[in-house]
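Here is how the chains run, residue by residue.
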Amino acid sequence: MTVAAAGSLPGEAVPVAKGRPALAAALRHPAALLLLPACVAVAAGLLLPILYLLALSLNPPVTGEVALAGELTLRNYARLLDWFYFSVLLRTLWVSAVTTAISTVLGVAVAHSLWRTPPHRRGLLVVVVLAPLLVSIVARTFGWMLLLGDQGLVNAVLLRLGLVEAPLHLMFTQGAVIVGLVHVFLPFMVLSVLAAYDRIDPAIPEAAGTLGAGPFTVFRETILPLLNPGIAAGVTIVFSLAMSSYVTPALMGGSGAGVLTTLIYQQLVVTYDWHFAAALVAVLLASTLLLLGAVLYHNARRTRAWMTRPGSAPR
Amino acid sequence: MIRMLQRGAFRALVGATYLFLLAPLACVVLVSFNGEAVQSFPPASWSLRWYAHAWAQESFRGGLLVSTLLACGAALIATPLAVAAALGLHRSRWRGRPALEALLLAPLVVPGIVIGISLLIALAALDVREAPLRLLIGHTVAILPYGVRTVLASLARLDPALDEAAETLGAGGWARFRHVTLPLIRPGILAGLVFGLILSFDDVSVSLFLADARTNTLPLAIMSYLEYSFDPSVAAISSMLIAVTLGLAVLLERGFGLKRLLAG
């Protein structure tokens, strides 16, 4: 309210006491009654529990205790500075970043080829790309365990071709986790980039081609700048999903490839340190939401700047 | 010449990516028909014995029952809530509308593992420790936004003149909803329902901390089975999951369009 009052001109009516009557009026409206059950469900099932978790993360750690205490401390967060936990955080960020980078390159390539495909053949290919999203993540990860295991297909092929003497240990490594994560999240990147492709006027790259630009130049100079919002959205989604994924690192990562989520699992299920786990969850949530907010803010600003300056294309 | 090389390299990259996307799924299906006790490529003989073995596992059968009941329960609770909320959002001209929409779609941006843990801790503080109830609340909240989104998308394409015409002809609010709005938004409702079923059935991250030893979902049962043994029965049960979800995916693509559903 003070912010709103400070921002308004002197003499202009400030809607100070409008909140309560507006709410009462809204409640009499049928739309409010329709919205009420779902809003209560999300508030009670998501919002309040998260707030409770954040409050708990500020309490001093007591093993197995879930009731809130009066004493506030940052001790749970300070533990993250311990090198062991800090390295887990760094590893999580690194694995997510590599996953996102690979997904971006492959996702743009697949989206580009889908965009080039004539519409009547496109439907089936879209299903091929998107259907894995609907297949259980456990089944998909198990598929990679079959492919990358010591007796797996990849090793069988390498041995038969005589490229290696003994099976390579591909499973239970950081590389295996990244391969699994790219597989699981690539469709999200394709979707985001494809949405940006759908808004491109095909006349633009055609014109560039007519003017003598090669396919790669056409792509780099005319298509790629227009894909930026889609890529930004895809990067956000893939990065935050990779940060918070549990199944793939738990099944495909080795003991030395622990990430934030497997550490949280350990704290909750093995050591019962719920306060520290709450702090770790807070870090996970904050990094996800900050990234999301930054991209949304950036996109919104760019869209606004573009809309207020007619004649210039969004970059 | 360079252009041809570029084009060839691009095609190879895209082809390799499609192979990359499909290889693990194909591999799972192939191994499930393996007749041997060990997993080897290519399988030396073929049989359905691992399907029988998977079916004989108590944990898989129990997990299948829990997952089915949970998915149906969560989808049946979430769908009416989502339809009502989407109708409310669609009609609302209130200033707070964007905030309410953000609240309803919030479960989309909160990682599943965060939903699960915060519910576990908050409910434990209230001394609620029944796994079925915890799972039902978690799954309902997690799938709710998908229903809201698909129904909102259907409502956005609705011609307001139809509703006005019905009103002019004297139809009341309920009659207009029942005979005009509902038939037109039915594809959106069904898409949200089916998508919710799939998401709930396949979920691991929300359930991970909400399930317990007595109430375990199928994906979690498969995960814990994988920790102790690595035989083709997991491939058999995974193949069944793939078949069911792909069947539902084709249904969704026909009825609503997968791309529209997933991209929102």
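Chain B is annotated in an unreviewed UniProt entry as ABC transporter permease of Roseomonas acroporae. According to its UniProt record, chain B has this under Sequence similarities (unreviewed entry): "Belongs to the binding-protein-dependent transport system permease family."

By the naming in an unreviewed UniProt entry, chain A goes by ABC transporter permease and is assigned to Roseomonas acroporae. Its UniProt record, at the heading Subcellular location (unreviewed entry), says of chain A: "Cell membrane". Taken from UniProt, the Sequence similarities (unreviewed entry) comment for chain A reads in full: "Belongs to the binding-protein-dependent transport system permease family. CysTW subfamily."

Engineer: When you look at a nonpolar patch on the surface in this model, what are you seeing that I'm missing?
Structural biologist: Residues and elements named next belong to chain A. Taken together, the side chains of Leu 81, Trp 83, Phe 86, Leu 90 and Leu 93 present a nonpolar region at the surface, about 520 Å² in accessible area. Within the secondary structure layout, Leu 90 lies in helix 5 (residues 83–116). A residue is classified by how much of its surface remains accessible, and Leu 90, at 39% relative accessible area, is partly exposed.

Engineer: Explain the nonpolar core to me, please; I cannot follow it from the model alone.
Structural biologist: Generally speaking, soluble globular proteins have nonpolar side chains that are buried together. Formed by 164 residues in total, the largest nonpolar core has its most connected members in Tyr 197 and Leu 227 of chain A together with Phe 60 and Ile 117 of chain B. Here this core takes 15 residues from helix 9 (residues 174–197) of chain A, the largest share from any one element. Once residues within four sequence positions are removed from consideration, Leu 227 of chain A is found in contact with Val 108, Val 193, Ala 196, Tyr 197, Ile 200 and Phe 219 of chain A.

Engineer: Where do I start with the UniProt feature "transmembrane region" (unreviewed entry) in chain B in this structure?
Structural biologist: Taken from the UniProt record, the annotation "transmembrane region" (unreviewed entry) applies to residues 64–90, 102–125, 131–148, 184–201 and 233–252 of chain B. Secondary structure within residues 184–201 of chain B divides into 100% helix and 0% strand; the distance between the first and last C-alpha atoms comes to 28 Å.

Engineer: Please clarify how the interface of chain A and chain B should be interpreted in this entry.
Structural biologist: Many analyses report the size of an interface as the accessible area lost when the parts associate. Each partner contributes to the interface: chain A provides 84 residues, whereas chain B provides 76 residues. Interface of chain A and chain B: buried area, both sides summed, is about 7,000 Å²; carbon and sulfur atoms make up 85% of it. One can count zero salt bridges joining chain A with chain B. At the surface where chain A touches chain B, the tally comes to two residue pairs in polar contact (both at pLDDT 80 or more). Of all the elements, helix 3 (residues 30–57) of chain A adds the most residues to the side of chain A that touches chain B, at 16 residues. Of the residues contributing to the side of chain A that touches chain B, the split by class is 67 nonpolar, 13 polar and four charged.

The rules behind these values
- Residues numbered from 1 in each chain as written.
- Chains lettered and ligands numbered in written order.
- Predicted model: local features only at pLDDT ≥ 70, side-chain atom pairs only at ≥ 80, totals over all residues.
- Heavy atoms only, no water.
- UniProt positions renumbered as here; feature names shortened; annotations may be inferred.
- Patch = residues over 30% accessible without salt bridge, like charges linked within 9 Å, V, L, I, M, F, W, Y side chains within 5 Å.
- Areas by Shrake-Rupley, 256 points an atom, 1.4 Å probe, with all protein chains shown as cover.
- Salt bridge = Lys/Arg side-chain N within 4 Å of Asp/Glu carboxyl O.
- Helix = DSSP H or I, 4+ residues; strand = E, 2+ residues; numbered from the N terminus.
- Buried < 20%, exposed > 50% of the residue type's maximum accessible area, 1.4 Å probe, protein only.
- Core = buried A, V, L, I, M, F, W, Y, C linked by side-chain atoms within 4.5 Å.
- Contact = heavy atoms within 4.5 Å.
- Buried area = accessible area lost by both parts, 1.4 Å probe.
- Polar contact = N/O pair within 3.5 Å; in protein donor to acceptor, adjacent residues only side chain to side chain.
- Nonpolar A, V, L, I, M, F, W, Y, C, P; charged D, E, K, R; others polar.

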